[in-house]
Amino acid sequence: MLTYLIISVILAVLPLVVRTERLTNIIAALFFLVQVVGIALVFYFDRVDTVLLSIFRADSMALLFHALMTAVLGFSLLHSSSYLKAEGISTRSYKAYYTLLMLLAVAITCVYYSDNIAMTWVFLELTTICSAGIIYHREFKQSLEATWKYVFVCSTGIAMAYLGILLLSTVATEGALDYASLKEAIVEGNPLYLKVAFLLMVVGYSCKMEIFPLYTVGVDANYAAPAPASAFISTALVNAGFLSIMRIYNLYASAGEVFVWARHVLILIGVLSLAVGAMFLRRANNYKRFLSYSTVENMGIVAIGLGIGGVALWAAVFHVVCHTFVKSSMFFHVGIMRHVYDSYSINRIGNYMNINRVGAIGFIVGTLVLLAFPPSPLFVSEVMIFSEIVTVGKWWLLVLMLVLMCVVLYSIWSRSLRLSYHSNQDELHLSAVNRRLSYIASIPLVVAVVLGLWQPKFFTDMIDTIITDTPVVKAETEVVEHNIVVFAEEQQPAVEHTAPNTLTVLAVEELTENEDVNAENLE
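For clarity, every value in this text was computed on a predicted model and none was experimentally measured.

**Student:** What's the story with the overall build of the protein chain in this structure? I'm lost.
**Tutor:** Looking only at helices and strands, the protein chain has 22 helices and two strands in total. Considering only contacts in the protein chain between residues 6 or more positions apart, those separated by 24 or more positions represent 80%. Summing over all exposed atoms, the protein chain offers an accessible surface of approximately 22,300 Å²; the carbon and sulfur share of this is 65%.

**Student:** Just to check I follow, could you spell out the environment of Lys149 for this structure?
**Tutor:** By the secondary structure assignment, Lys149 is in helix H6 (residues 141–168). Along the backbone, Lys149 and Thr216 are 67 residues apart, and their C-alpha atoms lie at a distance of 9.2 Å. Excluding residues within four positions of it along the chain, Lys149 makes contact with Cys154, Thr216, Val217 and Asp220. For Lys149, the side chain forms a polar contact with the side chain of Asp220, separated by 2.6 Å.

**Student:** Help me understand the nonpolar core, please; the structure alone is not making it clear to me.
**Tutor:** Inside soluble globular proteins, nonpolar side chains tend to come together where they are buried. In terms of nonpolar packing, the biggest core is built from 175 residues, with Phe65, Tyr112, Leu168, Phe232, Phe242 and Tyr252 touching the most fellow members. Of the residues forming this core, the biggest block, 20 residues, is contributed by helix H13 (residues 311–341). With sequence-adjacent residues up to four places away left out, Tyr252 is seen in contact with Leu168, Ile186, Leu194, Ala197, Phe198, Met201, Val258 and Phe259.

**Student:** Looking at this model, I keep getting lost on helix H5 (residues 117–135). Mind explaining?
**Tutor:** Owing to its 3.6 residues per turn, the α-helix brings residues three or four apart onto one side. Along its 19 residues, H5 runs 27 Å from first to last C-alpha, staying within 8% of the 27 Å computed at 1.5 Å per residue. Measuring from the side-chain oxygen of the N-cap residue of H5 to the backbone nitrogen of Ala118 gives 2.9 Å; that N-cap residue is Asn116.

**Student:** Quick question: what am I supposed to make of the pattern of salt bridges here?
**Tutor:** Two side chains that carry opposite charge are able to pair once their charged atoms sit near each other. Counting across every chain of the model gives eight salt bridges. Linking Asp59 and Arg247 is a salt bridge whose minimum nitrogen-to-oxygen distance equals 2.9 Å. Of this pair, Asp59 sits in the loop between strand S2 (56–57) and helix H3 (60–87) while Arg247 sits in helix H10 (residues 227–252); the two residues are 188 residues apart in sequence, bridging distant segments of the chain. The burial state of Asp59 is the same as that of Arg247; both residues are buried. Across the salt bridge formed by Asp220 and Arg289, the nearest N and O atoms sit 3.0 Å from each other. A residue pair is termed long-range when its members are at least 10 positions apart, and Asp220 in helix H9 (residues 216–224) and Arg289 in helix H12 (residues 287–308) qualify at 69 residues. For Asp220, a relative accessible area of 9% puts it in the buried group.

**Student:** Explanation requested: empty space enclosed by the protein in the structure shown.
**Tutor:** A probe matching the size of a water molecule, rolled over the atoms, marks out where space remains unfilled. With the rule as written, the count across this model stands at one cavity of 30 Å³ or more. Roughly 30 Å³ of volume is contained in the largest cavity. Considering the residues around the largest cavity, the lining is formed by Tyr150, Cys207, Lys208, Glu210, Gly218, Ile233 and Leu237. Among the elements of the structure, helix H8 (191–209) and H10 are those that each provide at least two residues to the lining of the largest cavity.

**Student:** Looking at this structure, I do not really get a nonpolar patch on the surface. What am I missing?
**Tutor:** Together, Leu23, Ile26, Leu30, Leu33, Val36, Val37, Leu41, Tyr44 and Phe45 line one region of the surface with nonpolar side chains, adding up to about 840 Å² of accessible area. Note that Val36 resides in helix H2 (residues 21–44).

**Student:** Even after reading the chapter, I still don't get the packing of H3 against H10, so can you show me in this structure?
**Tutor:** In a packed pair of helices, the relevant descriptors are the angle between the two axes and the axis-to-axis distance. Their axes nearest at 8 Å, the elements H3 and H10 cross at an angle of 165°. Judged by the inter-axis angle, H3 sits roughly antiparallel to H10. In this structure, H3 meets H10 at a crossing whose hand is left-handed. Contact residues: H3 offers Met61, Ala62, Phe65, Leu68, Met69, Val72, Leu73, Ser76, His79, Ser80 and Tyr83, while H10 offers Ala227, Pro228, Ala231, Phe232, Thr235, Ala236, Asn239, Phe242, Leu243, Met246, Arg247 and Asn250. Partitioning the contact of H3 with H10 into residue classes produces 16 nonpolar, six polar and one charged.

The rules behind these values
Residues numbered from 1 in each chain as written. Predicted model: local features only at pLDDT ≥ 70, side-chain atom pairs only at ≥ 80, totals over all residues. Heavy atoms only, no water. Helix = DSSP H or I, 4+ residues; strand = E, 2+ residues; numbered from the N terminus. Contact = heavy atoms within 4.5 Å. Areas by Shrake-Rupley, 256 points an atom, 1.4 Å probe, with all protein chains shown as cover. Polar contact = N/O pair within 3.5 Å; in protein donor to acceptor, adjacent residues only side chain to side chain. Core = buried A, V, L, I, M, F, W, Y, C linked by side-chain atoms within 4.5 Å. Buried < 20%, exposed > 50% of the residue type's maximum accessible area, 1.4 Å probe, protein only. Expected span 1.5 Å × (residues − 1). Salt bridge = Lys/Arg side-chain N within 4 Å of Asp/Glu carboxyl O. 1 Å grid on protein atoms, 1.4 Å probe; cavity = no way out; pocket = protein on both sides within 12 Å on 5 of 7 lines; lining within 4 Å. Points joined across faces, edges and corners; volume = space filled by probe spheres on them. Patch = residues over 30% accessible without salt bridge, like charges linked within 9 Å, V, L, I, M, F, W, Y side chains within 5 Å. Axes fitted to C-alpha atoms, helices over the stretch in contact; angles between N-to-C directions. Parallel < 35°, antiparallel > 145°, perpendicular 65-115°, else oblique. Left-handed = near helix turned anticlockwise from the far one by under 90°. Nonpolar A, V, L, I, M, F, W, Y, C, P; charged D, E, K, R; others polar.

Right, dumping it as structure tokens:
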């Protein structure tokens, strides 16, 4: 792990000392190769679920999301080259952008593998610093405003999470803040402290996962950053926020009544996120903000899945994985579209079907997949969440979700059709149409559709391992086993109080009947 980090950081800062954009692209390709090789070596040397450098653990969840991040990173680096050249930026800005994007990837990777709750906090703060530089990359007034807002709100959120970690550390044994030690010690914690700590950490990390209440910074960041970077922020960084909350969720699964309360909090946050997404999707007039509010809506569904538990927990992880492919593809398409119209305005641009048919079809198909129309993988995950909601008897939640999702469906679908078929009112740059990049942008979308039709065994096994390692699943299994034991013990006295001679008579009568039957069969 140390070798991987050293090589990755060196490659990330190397563009600052080279002279040309071509060398920067070569370094970016080597950085991507290091990520692929790093993941492959973990499996080759069978280092899965091993502790690295005392603060990292290569568990199934970290490896799965690192692989996802690497896939999105490859497409982001490829699209960034064309995007930045079309913007006509200086070589210095070009190199700085790639350095910041690769450093952000390193920080996110550290979040994925972190096995210490304090170090997770540190690495998430590092993602704030790297993201801020990317957000300000275009250096105009709105990007400066978005950067300061991102730094201020994220720092506030991270500070809240830090207070939560301090409260949680009161239950730590000998100051050990690794997740395994905290999981054992949290059972003896003060319920009030545990509840406040959970609330502070989830609210603090909501700025990364882009859920209620600190979702606004993610929307502004995606609006101001270049589209390929927005694709990375809205997927890889959002996934880092999800993993951070997921690990806290796993900790609290052994906290008894506190965990029940925590799940209700997640359901509430999920519903509010879904409502916010539905409301602002209807009002958004910028395609990048539009896609960002879609992320808020989808992460709200994921939070509800975590709160419901059971099958919905598996569906939540699956939903995040598939959302990564779909949302990154949509942002890549929007980035290509931006250079055709020189705008993201929903009310002014249109007729994309006649301008770039490949890009328009990709955007429409992406919209259908995002809206969970079969064979979308999001359809699979949402149906699983709905079925678990019905199983636990929360009909009010099901009805509320369906109403809000109908608003989402109308808002997203109407804007997708407007882009493709509505008359255009802005100046066109037909020379900027890049059908090759449109085909490349559709590749993650094709992967998502395939996952909707067929889930490879190694993929489902990884999610199964993640869910199996989640204490809530073990706890539910133990409850069932305990109920069986209790039932058996309740039946035991009835047998013990039966008179011995009566049992003997019954056994003899049964044996005699069996012998008579056998004799009849022989005749």
